Structures are given as structure tokens and as C-alpha cells.
Amino acid sequence: MKAAAFKYLRAENLDNAFDAFAEYGDEALILAGGQSLMPTINLRLAQPAVLVDINHISGLSGIEQSGEKIQIGATTRHFELANSELVASKLPLIASAIKHVAHRGVRNRGTFGGSLVHADPAAEMPACAVALGATLVLESRAGERRISASDFFLGVMSTDRRPDEILTSIELSADGPGDVWAFRELSRRHGDFAMVGVTAKARRASERLEDLRLVVFGCEECPQISAVAASLAASGQEPVAIAQAVAEELNPMTDLTGDAETKRFQARSLIEQSLGDLLEGRADG
Amino acid sequence: MVETVSIRLTVNGAEVSKEVEPRQHLTDFLRNELGLTGSHIGCEHGVCGACSVRVDGRVVRGCLMLATQADGAAVETIEGIVESSEAADLAEAFIGRNALQCGFCTPGMMLTAAELLAEGKPLDRAGIRQELSGNICRCTGYQAIVDAVESVLVKKTGEV
Ligand SMILES: Cc1cc2nc3c(=O)[nH]c(=O)nc-3n(C[C@H](O)[C@H](O)[C@H](O)COP(=O)(O)OP(=O)(O)OC[C@H]3O[C@@H](n4cnc5c(N)ncnc54)[C@H](O)[C@@H]3O)c2cc1C
Ligand code: FES
Ligand code: FES
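Scope of this entry: the structure provided in the associated data block. (Residues numbered from 1 in each chain as written. Chains lettered and ligands numbered in written order. Predicted model: local features only at pLDDT ≥ 70, side-chain atom pairs only at ≥ 80, totals over all residues. Heavy atoms only, no water.)

Comments concerning the overall build of chain B
Across its full length, chain B carries 6 helices and 5 strands. Taken from the N to the C terminus, the helices and strands of chain B come in the order β-β-α-β-β-β-α-α-α-α-α. Dimensions along the principal axes, computed over C-alpha positions, put chain B at roughly 55 × 30 × 20 Å. Looking at chain B residue by residue over its 160 residues, the buried ones come to 51%. When the accessible surface of chain B is totalled, it reaches about 7,100 Å², and 49% of it is carbon and sulfur. Distance from the positive charge centre (14 side chains) to the negative charge centre (22 side chains) of chain B: 5 Å. (Helix = DSSP H or I, 4+ residues; strand = E, 2+ residues; numbered from the N terminus. Buried < 20%, exposed > 50% of the residue type's maximum accessible area, 1.4 Å probe, protein only. Areas by Shrake-Rupley, 256 points an atom, 1.4 Å probe, with all protein chains shown as cover. Lys, Arg positive; Asp, Glu negative; His and termini not counted. Charge placed at Lys NZ, Arg CZ, Asp CG, Glu CD.)

Re the nonpolar core
Soluble globular proteins tend to bury their nonpolar side chains together. One finds A:Ile94, A:Phe112, A:Leu116, A:Met125, A:Leu136, A:Phe153 and A:Ile170 to be the most contacted residues of the largest nonpolar core, which totals 41 residues. Split by domain, this core shows at least three residues from each of two domains, domain 2 (63–173) and domain 3 (179–280) of chain A. Once residues within four sequence positions are removed from consideration, A:Phe153 is found in contact with A:Leu116, A:Ala119, A:Pro126, A:Val130, A:Ser158, A:Thr159, A:Cys222 and A:Pro223. Ranked by size, the runner-up nonpolar core spans 26 residues in total, among them B:Met109, B:Leu117, B:Cys137 and B:Val146. (Core = buried A, V, L, I, M, F, W, Y, C linked by side-chain atoms within 4.5 Å. Domains from an automatic or database assignment. Contact = heavy atoms within 4.5 Å.)

Quick notes on helix α11 (residues 239–249) of chain A
Residue and element names in this part refer to chain A. Turning to α11, its buried residues are Pro 239, Ile 242, Ala 243, Val 246 and Ala 247. For α11, the angular spread of buried residues about the axis comes to 125°, placing them on one side. Where α11 is buried, its residues meet β13 (208–217), α10 (227–234) and α12 (260–280). (Arc of directions from axis to C-beta.)

Quick word on the interface of chain A and chain B
Contacts between the two partners involve 33 residues from chain A, matched on the other side by 30 residues from chain B. Where chain A abuts chain B, roughly 2,600 Å² becomes buried across the two surfaces, and 48% of that area is made up of carbon and sulfur atoms. For chain A, the biggest contributors to the area lost against chain B are A:Tyr8, A:Arg104 and A:Arg109; these three give 24% of the whole. Put simply, chain A and chain B have 6 salt bridges between them. The partner of A:Arg104 in a salt bridge is B:Glu131, and the shortest N-O contact between them spans 2.9 Å. At the surface where chain A touches chain B, the tally comes to 19 residue pairs in polar contact (both at pLDDT 80 or more). When residues of the side of chain A that touches chain B are traced back to their parent elements, those giving at least two are β1 (7–10), α2 (37–42), β3 (50–53), α3 (78–83) and α6 (104–107) of chain A. Taken together, the residues of the side of chain A that touches chain B sort by class into 14 nonpolar, 10 polar and 9 charged. (Buried area = accessible area lost by both parts, 1.4 Å probe. Salt bridge = Lys/Arg side-chain N within 4 Å of Asp/Glu carboxyl O. Polar contact = N/O pair within 3.5 Å; in protein donor to acceptor, adjacent residues only side chain to side chain. Nonpolar A, V, L, I, M, F, W, Y, C, P; charged D, E, K, R; others polar.)

What about the site of ligand 1?
Contacts to ligand 1 come from 33 residues, most closely from A:Ile30, A:Gln35, A:Leu37, A:Thr111 and A:Glu124. At the site occupied by ligand 1, the surrounding residues belong to chains A and B. Contacts to ligand 1 include A:Ala32, whose backbone N or O atom sits 2.8 Å from an oxygen atom. Between A:Gly191 and ligand 1, the recorded distance is 3.0 Å, taken from a backbone N or O atom to an oxygen atom. Relative to its unbound accessible area of 960 Å², ligand 1 is 93% covered by the protein chains. Counting residues per element, the ones that place at least two in the shell around ligand 1 are β2 (28–31), α7 (112–118) and β10 (166–173) of chain A. (Near = heavy atom within 4 Å.)

Thoughts on the packing of aromatic side chains
Residue and element names in this part refer to chain A. In the structure shown here, the tally under the stated rule is 2 aromatic pairs over all chains. Between Phe 152 and Phe 153, the aromatic rings sit 5.3 Å apart at their centres with planes inclined by 80°, giving edge-to-face as the arrangement. Since its relative accessible area comes to 0%, Phe 152 is described here as buried. (Phe/Tyr/Trp six-rings, centres within 6.5 Å; stacked < 30°, edge-to-face > 60°.)

Next up, the structure:
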């Protein structure tokens, strides 16, 4: 289908975008990679009056390390994350998970920030951001606001972003010694959204997992840390028991990829495998 | 009156200046304004890959990028890539292996395959399938397409 008419505004800086918000309110939508927004516009599910293209705002893209922090600009594209040596060495979970995000042509254009703001419950990057304890930096005319990924996601395609805010960058901690991670996903075809997925980060100390941050995605309304997983792991429970307990308390949504009970079953086995990966330091999913 | 935006870009190396409607996507622009009908339009929402074109060196969905967004960009289409003989090996392999029937998916398949061939990393058949997973073919069953890409990749990397 063809898009309905809209105005196009190429923002050269954040102020251009804030001006558009001031003038058009929620009739103005940010256009980043367009890989989620353009389909909805072509299908006329969204009919914005104005598209504010943020692809040319300098300083919004790039991956940098300062101390133990890695800063990823919101318009950094999926393929840039996949090709980055810094990401491969300091954020190996992202490096592994990004390969599961869509297909080559989509990864060439889709952005990290767009994926987070879009907040699809089956998307990989929001789940990884929560597992890694990322901090999101949002800017508006009122200034800068920082929020943790766990507080940012509120529901299905719903976040704490305010309509006049632009996500400008994402801050993550570089992997340190003893850090382990896991990523496992079930999908019908490589590059599809997850039917169910599990990602986790922890510290391994004497055969136990400390500070376990385990997230199931493609399952509940939005990614969140499992508190049960963390406490059972800290007390040295076996993966099979932890997986059982976490799966039991999940609240899976039935969707086109499976019904709730199927997802609970799939999640349980992915959780068990992921905990095995963490304990054995076996990383790739 | 329909509002338009002026854009300047290069298409297959030639400079182009045009007035476009903001809502026109890049593949419609190439097909309707420039007569470059090699890029096809299947789903118009990102799932089929038939509309693939190369923008500033990377293959993208032409249906998910606006023509106005290509202002200042270097766009290449299957026409340009075939003409420049960049994809000569690939075209020959596609024909040799019967990797196309109706040909609707072929420009997108070839552009995507050209990008992974240019990266030159050895890939097994499963890896090639993963790389082509974003391009749908309704005719061949993919086997012959994977054959064609594999044969060029093996020739290039010297690895099986
Ligand atoms: C065929 C296909 C398969 C896909 N498969 C997957 C998959 O398996 N896994 C997956 O995770 N994704 C998948 N995607 C989606 C893809 O990853 C998108 O790139 C991503 O969801 C959105 O990023 P974008 O930059 O394209 O954002 P856009 O589409 O430009 O924007 C998405 C939304 O976020 C808002 N937005 C974007 N950037 C900002 C910002 N900086 N600040 C504030 N608001 C902003 C926009 O206004 C819009 O509402 C797929 C897409 C396609 C077409
Ligand atoms: S027409 Fe663009 S992906 Fe199908
Ligand atoms: S050859 Fe017909 S769609 Fe692929």
C-alpha cells in the first residue's frame, strides 16, 4: 500500500526536532531507520502530519568507550553494532544477539535507538538492554533525562518516553572479568522476531551465579528481570529447578507464534539451557 | 497542490535532480520517475526484499526509505550493477544453476548476495541461507539460489 501524504523535515540538529514537536505536537513522528515506522505508514496504520528525520543529526551515531562505560548513539545502525570490534570485545552479548535482529537489508538501516523506542515485546535489543542494565539518555527542550532500561519499557510497544523527547544515547557497562552472558532464541526462520527468547547476564563465582539478570522475551508484555531467577541462582539451585520456577510465574501472551502455554514450555527449556551456558561459560546462542 | 521537495542524488553514477512528493518511497521513485523497473515492489512493508537497492554502498529496502531521504546519496540498482559487470559472476551462476524462474525476487537476491560476496567471508550453505533470509522467492525453493551463491563464494574465497 502507499503512504498517505505527510510533510518531511530533515533535522540537522536536536533543536530542529524540538521545534517540530513544539509546532506539531504528537502529529510529528521521529523517523530513524524507518524499519518499523515505514511499514506502519505504508499500511496507513500511522498517518503522521510530519516526519522528522533524525538520521542527519551529528553526534547521534557512533560507539565510544569512556572508562568502563560504552556509549552507543541512538541512530547507530544494527550492522554497525554487528561489525564493531568494541562491541565484540566489551559487549559480547549485544554482538551475539544483533545477528538475530532481522535481515541484512533491515540491519543496514534499522537503528539501536529505534529498536528500543519501538519496544516490540519479541525484539532482541530491548531485552538485552534490560539484562545489561543499560541507561537510556533522553533529551527534550527541558534538558536531559536518564532512565534505566528496566524502568523504560512499560508494555507492548509502550515506553516511558515522553512525546517531546528524543532518545539520544544508550550507556552500557563493559564486560568485566567473571562476567558471563547467554542468549538463546527460538524463531521459525533466521532473522524473524523471536517466538520466545532468553537473555541473561551474571557473574560466575565458585559455581554460582551472582547478580543474575535473566530476561525472557517474545513472551510477556515487555522485558523485565526475573527476581525469582536471581534469588534461586544466588542460593545455588540447579538450572532445572530455576527454569521451572521462573517459567511458572511467567505471564505469556498468546500471539501468532504460539499460545501462552506453548511459550511457557519453550521458555522453560531456553532458561535451563541459558543457565547451563552461564555456568559453563559457554557463550554463543 | 501537492507539496514537493527537490532532491539531488546519483543513480548508478549519473546525477539526478527531481521534485518528489515526501511520501514517495525510493523504489517507486526509481521505477516511476526514472524508469528503472529492475527493483520490484512486492509487499511494501519490508518483508519480501524484492525492492532492494543499494544506498551509499549498502543494500536496503527501497520501500522503507523515502526518496527524499536519498537526497545527497549514491543509489545503485540492479541495472547499474549488471551494467558495471560487478555482478557478472553472480549473474552467470544464477543462469547456470537455474536460480531464477519468474525473476521477481532476483534483483533483490543478487544485490544481497553481492554484498555478502564483497565481504568475502567463507560461509556454509546454512550461513548463505541465513544471509538471504530476508529475501523471499516464491518459485525456486531456494536450493538453486543457494547453489549459485555458494559457487561464486567458493570461487572467491577458495573455501568450501
Ligand atoms: C522484515 C523485518 C524484520 C524484522 N525483524 C526484526 C527482528 O527479528 N528483531 C527486531 O528486534 N527487530 C526486527 N525488525 C525491526 C527493526 O529492528 C527496526 O530497525 C527497529 O525495530 C526500529 O528501528 P528503526 O531505526 O528502524 O526505527 P523507526 O522505524 O524509524 O522508528 C520506530 C519508532 O521509534 C521512534 N524512534 C526511533 N528513533 C527514535 C529516537 N532516537 N528517539 C525517539 N523516538 C525514536 C519512531 O518515532 C517510531 O515510533 C524487523 C523489521 C523488518 C522490516
Ligand atoms: S516491497 Fe520492500 S520489502 Fe517487500
Ligand atoms: S524466481 Fe520467482 S520469486 Fe524467485
